[in-house]
Amino acid sequence: MSEPTVSTVSTVSIKSRGTVTIDAEHCKGCDLCIPACPPHVLAMSTAVNHMGYRYPQLSPGCTGCGACLYVCPDFVFEVYRFEQPVVTEVTEVSGAKQ
Amino acid sequence: MTIIDTSSAPTVPARKVEALKPDLLLTQEHHMCPGCGEPLAVRQFLETIEELGVATRTIAVAGIGCYTSFSGSMDLDLVQALHGRAPSVATGVKRMLPDSLVFTLQGDGDMVNEGLQEVLHTAARGEKVTCILLNNGVFGETGGHMTATSVIGQRTKNSLDGRDAEYHGYPILIGDLIAQLQGASYVARGSVHNAGSVARTRKMFKRAFESQLRGEGFTFVEVLTMCPTGWFVPTADGPSYMQETLGEVHIMGELKTDGRVRTTEELHAENVAKQRELDEQLARGGIEK
Amino acid sequence: MSATTSTDERDKRDERVLMEGSEALARAAIVSGCRFFAGYPMTPFTEVLEHFARLLPEAGGVCINAESELEAVGMAWGALSTGARAATGSTGQGLSLMQESFSEITLAELPLVIFNMARGQQDYFQATRGGGHGDYRHIVLAPQDVREGVEHVQLAFHLADKWRNPVLVYGDYLLAHTQEAISIAPITFPELPEKDWAVDGSSSGSGASRAVTSLGVSKVGQPAMGQEGKAQYIATKIPLMEREVRVEQGFCDDAETVVVAFGSPAKFVKYAISQLREAGHRIGYVRPITLWPFPYAAVAAAAAGPDVRRVGSFELSAGQLVEDVRIGVGGRAPVTFIGGVSTDHSGFGVGRILDVELIADRILALHEDRELPLIPGYEQYSYQIQEHQK
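What you are looking at is a predicted structure, and each value in this text was computed from that prediction instead of being measured. (Residues numbered from 1 in each chain as written. Chains lettered and ligands numbered in written order. Predicted model: local features only at pLDDT ≥ 70, side-chain atom pairs only at ≥ 80, totals over all residues.)

(A) Region of the structure containing the overall build of chain A. A tally of regular secondary structure across chain A gives two helices and four strands. Walking chain A from its N terminus toward its C terminus, one meets helices and strands in the order β-α-β-β-α-β. Taken against the 2.2 N^0.38 rule, which gives 13 Å for 98 residues, the C-alpha radius of gyration of chain A at 17 Å runs more than 25% over that of a compact globule. For chain A, the spread of C-alpha atoms along the principal axes amounts to about 50 × 35 × 20 Å. When each of the 98 residues of chain A is scored for burial, the buried share is 45%. Of all intrachain contacts in chain A linking residues separated by at least 6 positions in sequence, the fraction that spans at least 24 positions is 73%. (Helix = DSSP H or I, 4+ residues; strand = E, 2+ residues; numbered from the N terminus. Rg over C-alpha atoms; globule rule 2.2 N^0.38 Å. Buried ≥ 20, exposed ≤ 12 C-beta atoms within 10 Å, placed from the backbone. Contact = placed C-beta atoms within 7 Å.)

(B) Structural view of the overall build of chain C. Across its full length, chain C carries 14 helices and 15 strands. Referenced to the eigenvectors of the C-alpha coordinate spread, the extents of chain C come out at roughly 75 × 50 × 45 Å. Split into buried and exposed, the 390 residues of chain C put 52% on the buried side. Counted over contacts in chain C with a minimum sequence separation of 6, partners at least 24 positions apart contribute 80%.

(C) Molecular detail of the nonpolar core. If you look at the biggest cluster of nonpolar residues, it comprises 224 residues, and the most contacted ones within it are Cys-68 and Val-71 of chain A together with Ala-76 of chain C. Here Val-71 of chain A is in contact with Leu-32, Cys-33 and Ala-36 of chain A together with Leu-40, Asn-194, Ala-195 and Val-198 of chain B, once residues within four sequence places are set aside. (Core = buried A, V, L, I, M, F, W, Y, C linked by C-beta atoms within 7 Å.)

(D) Molecular detail of helix α2 (residues 21-31) of chain C. Residue and element names in this part refer to chain C. Among the eleven residues that make up α2, ten are buried, leaving the element largely enclosed by the rest of the structure. Within the span of α2, buried status applies to Gly-21, Ser-22, Glu-23, Ala-24, Leu-25, Ala-26, Arg-27, Ala-28, Ala-29 and Ile-30. Once α2 ends, the next one or two residues include Gly-33, with phi positive near 100°.

(E) Highlighting the packing of helix α12 (residues 296-303) of chain C against helix α13 (residues 321-329) of chain C. Residues and elements named next belong to chain C. Viewed as axis vectors pointing N to C, α12 and α13 meet at an angle of 65°, and their least axial separation amounts to 7 Å. Helix-helix and strand crossings are classified by hand; for α12 and α13 the assignment is right-handed. From α12, Tyr-296, Val-299, Ala-300 and Ala-303 reach across to α13, where they touch Val-325, Ile-327, Gly-328 and Val-329. Of the residues belonging to the contact of α12 with α13, the class tally is seven nonpolar, one polar and no charged. (Axes fitted to C-alpha atoms, helices over the stretch in contact; angles between N-to-C directions. Left-handed = near helix turned anticlockwise from the far one by under 90°. Nonpolar A, V, L, I, M, F, W, Y, C, P; charged D, E, K, R; others polar.)

(F) Fine view of the sheet that holds strand β3 (residues 62-65) of chain C. All names here are of chain C. On the basis of which strands lie adjacent, the open sheet formed by seven strands has the order β3-β2-β4-β5-β7-β6-β13 and mixed pairing. Two strands in the sheet have a free side with no partner beyond their single neighbour: β3 and β13 (290-292). Pairs of neighbouring strands in the sheet enclose a mean axial angle of 20°, with direction left out of account. Sheet topology places strand β4 (residues 85-90) next to strand β5 (residues 113-118); four bridges connect them, and they run parallel. Of the residues in β5, the one forming a bridge with Ser-90 is Asn-116. Across the sheet, helix α4 (residues 69-81) lies against β2 (34-39), β3 and β4, angled at about 170° from β4, the strand it touches most. (Pairing = 2+ DSSP bridges.)

(G) Quick peek at the sheet that holds strand β14 (residues 310-313) of chain C. All names here are of chain C. Pairing in this open sheet of five strands is mixed, and the strands run β10-β12-β11-β14-β15 from one edge to the other. Every interior strand has two partners, whereas the edge strands, β10 (247-250) and β15 (335-337), have only one. Each adjacent strand pair in this sheet contributes to an overall mean axis angle of 20°, direction not counted. Against the sheet, helix α11 (residues 263-278) touches β10, β11 (257-260) and β12 (283-288), its axis set at about 165° to β12.

(H) Fine view of the pairing of β2 of chain C. Residue and element names in this part refer to chain C. Most of β2 sits inside the fold, with six of its six residues counted as buried. For β2 and β4, the ladder comprises five bridges, and the chain directions are parallel. Bridge pairing in β4 links Ala-38 to Thr-88.

(I) Summary view of the confidence of the model for chain C. All names here are of chain C. The predicted model of chain C has a mean per-residue pLDDT of 94, with 96% of residues at 70 or higher. Taken together, the stretch residues 1-5 has pLDDT below 50 and engages in five contacts with residues farther than four places along the chain or on a different chain. Here the predicted complex carries an ipTM of 0.93, next to a pTM of 0.93. (pLDDT = per-residue confidence, 0-100.)

(J) Region of interest: α4 of chain C. Residue and element names in this part refer to chain C. With 13 residues, α4 extends 19 Å from end C-alpha to end C-alpha; this agrees with the ideal 18 Å at 1.5 Å per step. Of all 13 residues making up α4, 13 are buried, and the element is well covered by its neighbours. A positive backbone phi angle near 95° is found at Gly-83, which sits one or two residues after α4. (Expected span 1.5 Å × (residues − 1).)

(K) Quick look at the interface of chain C and chain B. Every contact between the two is made by 37 residues of chain C and, on the other side, 34 residues of chain B. Contributing elements (two or more residues each) for the side of chain C that touches chain B: α4, α6 (99-107) and β9 (211-212) of chain C. Take the side of chain C that touches chain B: its biggest share by element is eight residues, from α4 of chain C. The class makeup of the residues in the side of chain C that touches chain B is 13 nonpolar, 17 polar and seven charged. Relative to β9 of chain C, strand β3 (residues 77-80) of chain B runs parallel, the two sharing two bridges. Within the sheet, the bridge partner assigned to Leu-78 of chain B lies in β9 of chain C and is Ala-211 of chain C.

(L) Spatial organisation of the environment of Ala-156 of chain C. All names here are of chain C. Relative to the assigned elements, Ala-156 resides in helix α8 (residues 146-163). By the C-beta count within 10 Å, which is 28 here, Ala-156 ends up buried. In sequence terms Ala-156 and Val-169 are 13 residues apart; their C-alpha atoms lie 7.2 Å from each other. Dropping the residues within four chain positions of it, Ala-156 is found in contact with Val-113, Leu-141, Val-167 and Val-169.

(M) Main features of the packing of helix α8 (residues 195-213) of chain B against helix α12 (residues 264-284) of chain B. Residue and element names in this part refer to chain B. Here α8 crosses α12 at 105°, and the two axes come no closer than 9 Å. Put simply, α8 runs roughly perpendicular to α12. Contact residues: α8 offers Ala-195, Gly-196, Ala-199 and Arg-200, while α12 offers Lys-274, Gln-275, Leu-278, Asp-279 and Leu-282. (Parallel < 35°, antiparallel > 145°, perpendicular 65-115°, else oblique.)

(N) Representation of the environment of Ser-159 of chain B in the model. Note on placement: Ser-159 of chain B falls in the loop between β7 (145-146) and α6 (165-168). As a C-alpha pair, Ser-159 of chain B and Gly-144 of chain B span 15 residues in sequence and 10.0 Å in three-dimensional space.

(O) Structural detail: the pairing of strand β9 (residues 218-224) of chain B. All names here are of chain B. Among the seven residues of β9, seven are classified as buried, and the element is accordingly described as predominantly covered. Where burial is concerned, the two faces of β9 agree: the one with Phe-218, Phe-220, Glu-222 and Leu-224 and the one with Thr-219, Val-221 and Val-223 are both buried. Two strands pair when backbone bridges link them, and strand β5 (residues 130-135) and β9 are joined in this way by six bridges, in the parallel orientation. Pairing of Leu-133 across the sheet is with Glu-222, part of β9. For strand β8 (residues 184-191) and β9, the ladder comprises seven bridges, and the chain directions are parallel. Paired with Val-187 across the bridge in β9 is Phe-220. Where the polypeptide runs from β8 across α8 and back to β9, its parallel neighbour, the crossover connection is right-handed. (Right-handed = clockwise from strand over helix to strand, strands pointing away.)

(P) Main features of unusual backbone geometry. Of the consecutive residues Thr-43 of chain C and Pro-44 of chain C, the connecting peptide bond is found in the cis state with omega at -5°. Looking at the secondary structure, you find Pro-44 of chain C in the loop between β2 and α3 (46-58). Between Trp-292 of chain C and Pro-293 of chain C the backbone carries a cis peptide bond, its omega angle lying at -5°. Relative to the elements of secondary structure, Pro-293 of chain C occurs in the loop between β13 and α12. The phi dihedral of Phe-232 of chain B is positive, around 60°, even though this residue is not glycine. As for its position among the elements, Phe-232 of chain B is in the loop between α9 (228-231) and α10 (238-244).

Here it is as structure tokens:
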């Protein structure tokens, strides 16, 4: 018999002042953009592109600072800054054993 | 985790602040290894040429190394030189076309091994060209061998136990040598190990080109670049490996500007402060250009 | 184009001045439109550099005292890439340093003019086979005196642009340091196409920027030959350049002996032969004016003369020209080397062999099928085989 769990659901508003386009097919999976991003909103995918490399994916919170583009050897990014910040509602589910 | 669709431009009003690639790069594709630092430098000097509006009087002189393939993708009039020989070729070009912007693109094996004499003499003569050094402390194209800039303890294909001072000798800090020469007007050492250093290096390119265009003398920008393949480290470790090896010896900063010469030792302290300042700017939303 | 006729015509038309060879060659280059020279001092080339240093700036050009021969040829490479006429030079030893660049400059199809003010004639292989890597040839002109040198320098710039290939002018100590009465009036050559391959920055950013390169690559989006294709391309140019062959010959129709010689020594040989002719000996000569392309056909024709019994090659070396003579003669007659290493004791200048009487003796010995006289003073330097080498 499984132990009962308790989950909490919370909604967080995350403001993004900018965004990027990511040319995933040209990424060589070097990982340099991940630690370069100051708000830590880039993470490598689980899927791979046609070359077999994982590529970065963007979460809410981008500031449009351009750091990812500065450190990317493969010209994967374009960087935009919004005229008005965009708010994204993010639902987080956390579970813990009772 | 919420993933944002990044496959196309945003649909809400937005300003593009960084383009995919410089206009002066014909294609984003290249055969550099994953995690290579050289394209980071190439982007910055090409964008600087665009920013200065001098493309139609720019001639590049390329040396021989991994970066040589950019000879074909840079939309610049170009002369291909031999290993180490770009500075003399650049001299001939600039003497015939004194109003042009002439720069060389060379690696450390090319410039500091094979071509040490060429770059020193070109600087001493004050030839009004800019020599750009992509320094990764190895001969990348041939597989990761020791060069004159490899640091003590650095493991390379022909210094497998680490460069040993007794057996292999000491690295050459080429920027310091050039800064001593009267013909050199601007000498700087940059790096591309993180976004802040890339931004700093961008400014060095601009100052070097501007000094050339003002006819002040020989200008030089060294850029430390990652070579995870030649260093035998995972791509993600390239920047930290660089900071622990080359970055400890070849310190970032301006070695010569406005007639003032500084040594690499003097640059060390101010680097810490500079890096902190840039990290703060990035955290606030972008580096002031 | 016959070398002698046009020089005579120009001499009649124009004022002649007494001028040292080194200066005459530099002036001839400048009159050809050369606007860049880089070189490094080395005897007996040094004076050529001195004259360029003095004269080029006056003509709106640039002369750089390069810090090494290697840098000199690199600078000329850059200047050529912009479409300018440019040259470099040295003596054989200095040209040895430039060989890698010579190979690549030839592959890049740049019109470099090279001066070899040689020590003797032992740079023949270096000039005609090339000391660099790969399949390439340079056109090589071998003037016999300052008058011809002035003409050859101008011809060199024309041929270099005509073929987009380096041309070497093979001079020597005698040529550099002899004063002759010559005219430096410019020679008119046929028109050549515009240098649409040259780089000056104006195509940068247009999507059609240019690359001057020895590698078989090109800009993205433009067709490329690849390394192999490029090598093929340059290799197939070589036989087409052979039409630039030039040669002079005399007294061959009824000759029993034919002597082949080039450059300054050829003038001595011609004089010796004219004297031997007056004494009744049927001896003729062939003087290659281009060392590459070598006049194999002319040598073959001379050797095929009805009375020809023997062919000799006179050169100031241990025997290099003689190999091309053998190829040309093609077995029609025996070929004998009648020259020798000859410089002064310093190694730079002319030596004891460059003497009309001595040369005439050697030619006569060949002609009479006698053993060649020993060159006085050289016996002591003959290598003796040692026990362990037997």
